[in-house]
Amino acid sequence: MKKTYHTVNSRVPRVDARAKATGEARYAADLAMPGMLYGALLQSSLPHARILNIDVSRAKMLSGVKDIVTAKEAGTVKYGVSPARYDETVFCADRVRYVGDEIAAVAARDPETAQEAASLIRVEYEPLPALLDIDSAMSDGAVLIHDDFPGNIGAEVHQEFGDVEEAFKGCDIVRTDRFVNKRQDGGFLEPQACVAQYAEGHLTVWSSTQSVHYVQRSLSMVLGIPIGKVRVIKPYVGGGFGPKAAVNTIELAASLMSMRTGRPVKMVFSREQVFMHSRARHQFVHELTTGVKKDGTIVALKNTCHLDGGAYSSFGIATIYYAGSLLGAPYKLANMKYDGYRIYTNKPACGAQRGHGGVAARAAFEQQLDIIAHELGMDPVEFRLKNIMKTGDVTCNDFNMSSLGMKECLDAVRDGSGWTEKKGKLPKGKGIGVACGFFVSGAGYPIYRSETFHSTATIRLSEDGGGANLYTAAAEIGQGSDTILSQIAAEALGVAFGDVKIYSGDTDFGIDLGAYSSRQTLMSGHAVKAAAEDVKRQVLEVLSDELNVPRDDMDIENGIVIFATGRPDFSAVRSAYAKEHRGWVQSSLPEGLTFKEAARLAFLKRGVIVGNGAYKPGELGGKYKGAAVGTSPAYGCSAQVVEVSVDMGTGRVTVDSMTDAHDCGFAINRTNVEGQMQGSLSMGLGEALFEEVKFDGGGRVINASLGEYRIPTSLDMPNVRTIIIESNEPNGPFGAKEVGEGAIMPTIPAILNAIYDATGVRMNELPVTSERLYTAIKNKVK
Amino acid sequence: MLFLPRFDYEEPRTLPEALDILSDLRSDTKVIAGGTDLIVNMKKGSVDPARIVSLKRLKGIRGITRKKEIVAIGSYTTAADIARSDVIARSFPVLRKAALSLGSPLIRNRATIGGNIATARPAADLPPALIALGARIKLRTKGTNRTVIPDVFFIGPGRSILGKDEIITEISLSTLPPFTGADYIKLGHRAALEIAIVAVASRITLDSPDGVIRDARIVLSAVAPTAVRALSAEGALLGEYPSDELFAKAASLAMNDCSPVSDIRGGADYRRDMVRALTIRTLANAYREACGQGVGL
Amino acid sequence: MKKIITVTVNGTEYESAVNPNMTLARFLREGLGLFGTKEGCGVGDCGACTVIMDGQPVNSCLVLAVEANGSAIVTIEGIGEGGKLHPVQEAFIEAGAIQCGFCTPGMVLVAVNLLENNPSPTENEVRQALSGNLCRCTGYQKIVEAVERAASKIVCGERAGEL
């Protein structure tokens with residue numbers, strides 16, 4: 001029997017919507033404090049050079065300048081994202097590695113003075129050869145960007161499951177395709193900003209971040225302050241999508257300058273600095289070889305990938321693994337080989353972005369599957385249906401499909417889009433395409449190897465039981481986690497949604513690894529659910545003693561205590577409650593015993609009722625090297641059908657319709673799930689058609705603006721048909737798993753396959769600008 | 001954050017006062033109208049004037065008026081004003097289309113026709129339509145008064161014949177003869193917030209609905225240092241009966257009437273091909289319009 | 001040299017001395033403490049700083065504060081009355097049109113302005129009106145739905161008022 005829920009699986013409006021709709025919501029750049037100073041950075045103008053001298057004397061003399069810091073003041077403690085690749089320092093000591101690499105920071109009484117002072121710092125450089133792409137960085141004799149990494153190979157991965165070469169021998173079709181995307185930018189609307197305040201040995205930093213925890217640890221390690229004396233608070237955040245998941249230089253520099261001046265220091269990125277900081281999607285060059293049998297069975301996949309990593313590692317160690325491990329699934333595939341190389345280049349560091357590591361690989365693979373389906377004469381939907389996994393299957397790289405509604409997703413988009421009536425029957429210039437997607441529901445391990453809990457949560461009841469305050473360090477960055485976690489708390493505790501008040505994004509509220517790898521609904525959700533159950537248990541324990549009813553014979557639902565059998569006399573509890581509010585105008589109580597009354601009793605017996613929850617994934621599969629990246633407690637999947645019109649005379653693509661189905665396990669908030677799907681599709685559309693960070697020969701980003709780096713406008717996106725599939729994930733709270741990142745997966749290949757259907761041309765390079773497509777069509781006609 | 005450099009600001013109340021201020025050539029002065037170009041360039045540091053003179057309080061340079069056969073557009077008239085104007089929609093729908101393709105609604109509420117001309121951007125949206133329509137630009141200095149056609153106004157990217165002491169006051173258009181049609185097509189990456197990769201404005205006037213082409217203008221944008229007329233293409237149309245073949249021939253000629261470069265928005269070869277594609281389309285649409293009742297009647 | 005300006009913001013008249021190089025966006029934020037006006041790019045590419053100036057939505061990052069002298073400005077703080085939300089704000093909340101919220105003030109202001117001028121816009125008219133305001137989170141769909149929902153709220157509200 002399906003359980004009746006009161007709060008989850010609904011469409012309750014977001015808890016933060018009102019503050020955002022009225023403009024009351026404060027973001028980091030909106031914060032101000034008495035005595036606050038403003039910081040500015042001096043960033044390298046060269047892509048690769050030795051620093052011979054830094055002269056700050058002129059800057060120092062400028063009136064209003066309060067502090068100037070360089071590597072001399074900041075020290076050269078190495079930090080980064082993965083401990084195995086801590087390759088950054090706060091400021092460059094002797095070498096700059098990309099245009100934008102940070103050399104110094106200034107704090108001054110106003111932002112203009114800070115900026116002017118930064119421009120007065122003189123740096124003497126000795127230029128080094130700039131390695132601006134994978135080939136030049138890997139070429140013989142290329143200068144090393146980091147001395148310890150020969151060939152500028154920052155990381156490499158080699159994995160094989162089964163025997164790919166042997167398996168190819170038994171295949172009827174074996175084909176190889178090369179695919180390349182372009183470096184992307186997060187395109188979030190809010191540039192990074194922070195305010196740091198150091199007082200009496202305690203550092204507090206308000207920052208636009210996706211992970212207060214990682215920022216706290218990095219600040220602590222680099223600045224040498226105990227973790228317990230570093231507090232990181234996330235105000236409202238205007239989107240992240242990955243690039244805000246790690247500590248950044250302004251958080252470190254502002255903190256350092258606040259420590260030195262004793263005054264709060266604020267720093268805000270310009271839009272150009274957002275592009276220079278990057279930490280966004282890598283450029284991937286994939287070469288995929290796939291082998292299938294005549295009957296359409298996919299047998300083997302060989303994947304070679306080169307990633308243009310930029311000057312530092314950032315999240316790139318995870319990226320390189322994901323670029324291999326996320327393929328195969330959601331298809332049954334016994335043999336898979338992966339060789340990945342992440343190459344250092346003299347460009348801003350790349351990192352994580354929505355669909356981390358897997359987006360280009362997915363686009364390449366799903367387009368290749370489309371080609372193979374055509375070669376086999378099979379309908380692309382049927383071909384996929386023949387190969388997909390189902391709940392209970394395990395991939396060759398040991399991912400456990402504890403739930404997988406892949407068939408349901410494919411069926412839904414086929415039926416919802418009119419696929420069968422349209423495929424192969426559209427006029428020239430119109431096309432329809434399909435693709436599938438697959439993603440982790442949270443990284444199985446923290447980015448630093450550790451036994452830590454991934455999420456904790458605390459719920460504290462008010463004395464009268466009328467309010468449940470939920471404390472979590474989880475990061476609401478726009479995706480809706482504050483609402484989701486409040487819903488989970490209310491449902492698990494058995495109280496009304498409005499009785500839960502969430503305090504989030506603050507390291508003082510617990511441990512949470514943050515908003516990345518599509519993890520918070522499942523992982524933070526688990527912790528919150530456990531905390532709520534802990535509170536409930538405590539309240540029911542007290543009630544059990546009072547009423548002499550076994551604890552397990554009671555439950556709380558919708559604010560009322562439910563008794564399994566009969567109804568005990570609870571008049572004493574009720575009068576005790578009334579007594580605590582003597583002289584108050586009493587609102588009438590319902591017939592049943594309310595949670596409030598029970599909670600009041602619990603407070604009187606035990607003091608403040610506090611419930612705790614903590615979550616880390618149980619034992620996950622995979623004993624091979626790299627198994628930590630890709631293994632997850634659960635996996636989301638999706639399918640999508642896209643229709644396009646191609647203007648054959650100009651090559652311009654218009655996306656006419658998108659039908660998307662995503663298996664999120666169980667939708668805690670249906671509106672939010674749709675919102676994540678629609679936003680993912682929009683980002684996918686941008687990446688497919690427009691988005692590309694471009695550099696000049698000097699390593700400078702030449703389109704560092706939202707005018708020349710094009711994210712879709714309201715006129716570029718069609719309305720999307722969103723279909724929610726719920727496969728009930730056993731490892732997720734209430735059966736929920738991810739949607740935030742995985743939903744982007746099928747968009748690009750579905751667009752590419754539709755473009756082929758419309759034009760007969762296969763595009764192996766993103767973005768498919770009108771010029772690229774026009775040229776490809778023209779060359780094909782020749 | 002991006003900051004504006006320091007500058008002095010003047011806000012004259014009358015045109016003579018404004019011209020008087022500008023006549024002092026000692027100071028590096030810029031005129032601001034909508035500011036959507038100037039302020040961006042100042043923030044990026046490519047322009048750093050010592051003084052800015054705003055036209056905002058000047059009377060008589062904003063709005064669209066029609067006197068008999070002449071429609072006058074004040075230079076401070078915004079792209080949104082043009083897009084909203086019934087007079088423009090009736091008499092010069094091609095100008096409305098061009099105005100609506102400029103930037104975004106927010107930009108169109110500030111950007112003025114005078115500014116769109118004065119900044120002399122090679123991909124500006126209004127000049128191609130204005131050239132196609134035979135517009136005249138009125139310029140004033142403290143002591144002089146001249147009227148020029150946009151064909152000669154532009155010299156190169158960001159460069160024009162506009163004197164440092166000179167202000168554009170008005171753009172005027174004569175209503176079009178019968179059996180005239182025009183079209184403007186802008187090719188951009190996105191559907192809004194775009195600068196043209198290539199844009200083409202075409203106008204043709206027929207002798208009669210089934211007659212020969214008596215007059216034609218084809219203006220190519222973003223494929224030369226300024227918007228340029230495709231003179232050889234225009235020549236091929238004159239005295240001929242309209243047909244798809246004729247338009248295709250003209251469009252091929254237009255490809256050599258321009259000098260596109262490869263830049264951040266597109267390659268030279270692609271641009272040349274797009275000149276052909278958009279010329280054919282604008283001519284076909286202009287012809288369709290000319291065969292109907294014509295515009296400007 | 002500073003200039004004295006008089007600006008009406010959300011119905012209140014302010015007299016203020018400002019430097020000519022102060023943008024309207026910065027004046028509203030730092031001068032008047034109206035932080036609902038966001039700055040996402042500073043050059044008119046994103047629309048996060050949208051305010052209504054004399055009845056028209058504009059990018060306040062591209063307007064000098066001195067140019068706003070004598071103008072009436074409405075910011076997000078001026079939408080809704082006495083703690084009561086405007087129907088557009090209600091619709092944005094109900095439709096799920098808000099995610100990170102950074103574009104929301106601009107979106108709401110454009111929507112309010114659109115519906116004042118065109119009470120029952122088509123979907124395309126809504127998308128056209130919003131096309132200078134970028135959103136990276138929503139894919140725009142629920143924003144468009146919210147504007148349509150607000151339109152019917154306002155029309156129904158007016159009908160109810162007439163009865």
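Residues numbered from 1 in each chain as written. Chains lettered and ligands numbered in written order. Predicted model: local features only at pLDDT ≥ 70, side-chain atom pairs only at ≥ 80, totals over all residues. Heavy atoms only, no water.

## Section: the sheet that holds strand β22 (residues 610-615) of chain A
Residue and element names in this part refer to chain A. In space, the 4 strands of this open sheet follow the order β19-β18-β17-β22, with mixed pairing throughout. The outermost strands of the open sheet, each flanked by one partner alone, are β19 (500-503) and β22. Across the sheet, the mean angle separating the axes of adjacent strands is 20° when strand polarity is ignored. Seen against the sheet, helix α15 (residues 481-493) touches β17 (455-461), β18 (468-472) and β19 and runs at an angle of roughly 140° to β19. (Pairing = 2+ DSSP bridges. Helix = DSSP H or I, 4+ residues; strand = E, 2+ residues; numbered from the N terminus. Axes fitted to C-alpha atoms, helices over the stretch in contact; angles between N-to-C directions. Contact = heavy atoms within 4.5 Å.)

## Looking at helix α1 (residues 24-31) of chain C
Judged by how many residues are buried, α1 of chain C sits mostly within the fold: 6 of 8 residues are covered. Looking at α1 of chain C, one finds that the buried residues are Leu 24, Ala 25, Arg 26, Phe 27, Leu 28 and Arg 29 of chain C. Buried residues along α1 of chain C sit in contact with α4 (111-120) of chain A together with β1 (3-9), β2 (12-18), β3 (50-53) and β5 (72-74) of chain C. Immediately beyond the C-terminal end of α1 of chain C, within one or two residues, lies Gly 33 of chain C, with a positive phi of roughly 70°. (Buried < 20%, exposed > 50% of the residue type's maximum accessible area, 1.4 Å probe, protein only.)

## Considering the packing of helix α17 (residues 571-579) of chain A against helix α18 (residues 595-606) of chain A
Residues and elements named next belong to chain A. For the pair α17 and α18, the least separation of the axes is 9 Å and the interaxial angle reads 75°. Considered as vectors, α17 and α18 are oriented roughly perpendicular to each other. Together, Val 573, Arg 574 and Tyr 577 of α17 and Lys 596, Glu 597, Arg 600 and Leu 601 of α18 make up the contact between the two elements. In terms of residue class, the contact of α17 with α18 is built from 3 nonpolar, no polar and 4 charged. (Parallel < 35°, antiparallel > 145°, perpendicular 65-115°, else oblique. Nonpolar A, V, L, I, M, F, W, Y, C, P; charged D, E, K, R; others polar.)

## Digging into the sheet that holds strand β12 (residues 198-206) of chain B
Residue and element names in this part refer to chain B. Here we have 4 strands laid out as an open sheet, ordered β11-β12-β13-β14, and antiparallel in their pairing. Two strands close off the open sheet at either side, each with one partner strand: β11 (180-187) and β14 (228-229). Of the strand pairs in this sheet, β12 and strand β13 (residues 213-221) are connected by 8 bridges, and their pairing is antiparallel. Paired with Arg 203 across the two strands is Arg 217, which belongs to β13. Each of β11, β12, β13 and β14 touches helix α8 (residues 126-133); the most contacted strand, β13, lies at about 160° to it.

## Focus: the interface of chain C and chain A
In this assembly, 42 residues from chain C lie in contact with 53 residues from chain A. For the pairing of chain C and chain A, the buried interface totals around 3800 Å² over both sides, and the portion due to carbon and sulfur atoms is 54%. A per-residue breakdown of the area chain C buries against chain A is headed by Gln 99, Arg 136 and Gln 141 of chain C, which together make up 21% of the total. Our count for the chain C to chain A interface comes out at 5 salt bridges. Residue Arg 26 of chain C pairs with Glu 112 of chain A through a salt bridge whose shortest N-O separation is 2.5 Å. Taken together, chain C and chain A are joined by 28 residue pairs in polar contact (both at pLDDT 80 or more). Elements represented by at least two residues in the side of chain C that touches chain A include exactly α1, α2 (87-95), α3 (104-117), α4 (123-129) and α5 (141-162) of chain C. When residues of the side of chain C that touches chain A are assigned to their parent elements, the largest contribution, 4 residues, is made by α4 of chain C. Here the side of chain C that touches chain A is composed, by residue class, of 17 nonpolar, 15 polar and 10 charged. (Buried area = accessible area lost by both parts, 1.4 Å probe. Salt bridge = Lys/Arg side-chain N within 4 Å of Asp/Glu carboxyl O. Polar contact = N/O pair within 3.5 Å; in protein donor to acceptor, adjacent residues only side chain to side chain.)

## Focus: the interface of chain B and chain C
The interface is formed by 30 residues belonging to chain B together with 35 residues belonging to chain C. Of the roughly 2500 Å² buried between chain B and chain C on both sides combined, carbon and sulfur atoms contribute 58%. Considering only the side of chain B, the residues that lose the most area to chain C are Tyr 9, Leu 106 and Arg 110 of chain B, jointly responsible for 26% of the buried surface there. Connecting chain B to chain C are 1 salt bridge. Between Arg 110 of chain B and Glu 67 of chain C there is a salt bridge whose closest N-O contact spans 3.5 Å. Where chain B touches chain C, the interface holds 9 residue pairs in polar contact (both at pLDDT 80 or more). Contributions of two or more residues to the side of chain B that touches chain C are made by β1 (8-10), α2 (38-44) and α6 (105-108) of chain B.

## Looking at the domain arrangement of chain C
Residue and element names in this part refer to chain C. Domains assigned within chain C are domain 1 (3-78) and domain 2 (87-162). Here domain 1 packs against domain 2, burying approximately 1000 Å² in sum over the two surfaces, 66% of which is carbon and sulfur. On the domain 1 side of the contact with domain 2, Lys 38, Thr 50 and Ile 76 bury the most area, a combined 41% of that side's loss. Applying the counting criterion to the domain 1 and domain 2 interface returns 0 salt bridges. Counting every contact that joins domain 1 to domain 2 gives 4 residue pairs in polar contact (both at pLDDT 80 or more). At the level of secondary structure, the elements contributing two or more residues to the side of domain 1 that touches domain 2 comprise β3 and β4 (56-59). Residue classes in the side of domain 1 that touches domain 2 are distributed as 7 nonpolar, 7 polar and 3 charged. (Domains from an automatic or database assignment.)

## Quick look at the domain arrangement of chain A
All names here are of chain A. Taken as a whole, chain A is organised into domain 1 (17-23 + 453-615), domain 2 (31-128 + 189-239 + 244-277) and domain 3 (283-445 + 622-781). Domain 2 puts 22 residues into the contact, and the matching count from domain 3 is 23 residues. Around 1900 Å² of area is buried between domain 2 and domain 3 when both sides are counted, 64% of it from carbon and sulfur atoms. Applying the counting criterion to the domain 2 and domain 3 interface returns 0 salt bridges. At the junction of domain 2 with domain 3, the criterion picks out 6 residue pairs in polar contact (both at pLDDT 80 or more). With 5 residues, helix α9 (residues 271-277) is the single largest residue contributor to the side of domain 2 that touches domain 3. For the side of domain 2 that touches domain 3, the per-class residue count stands at 11 nonpolar, 4 polar and 7 charged.

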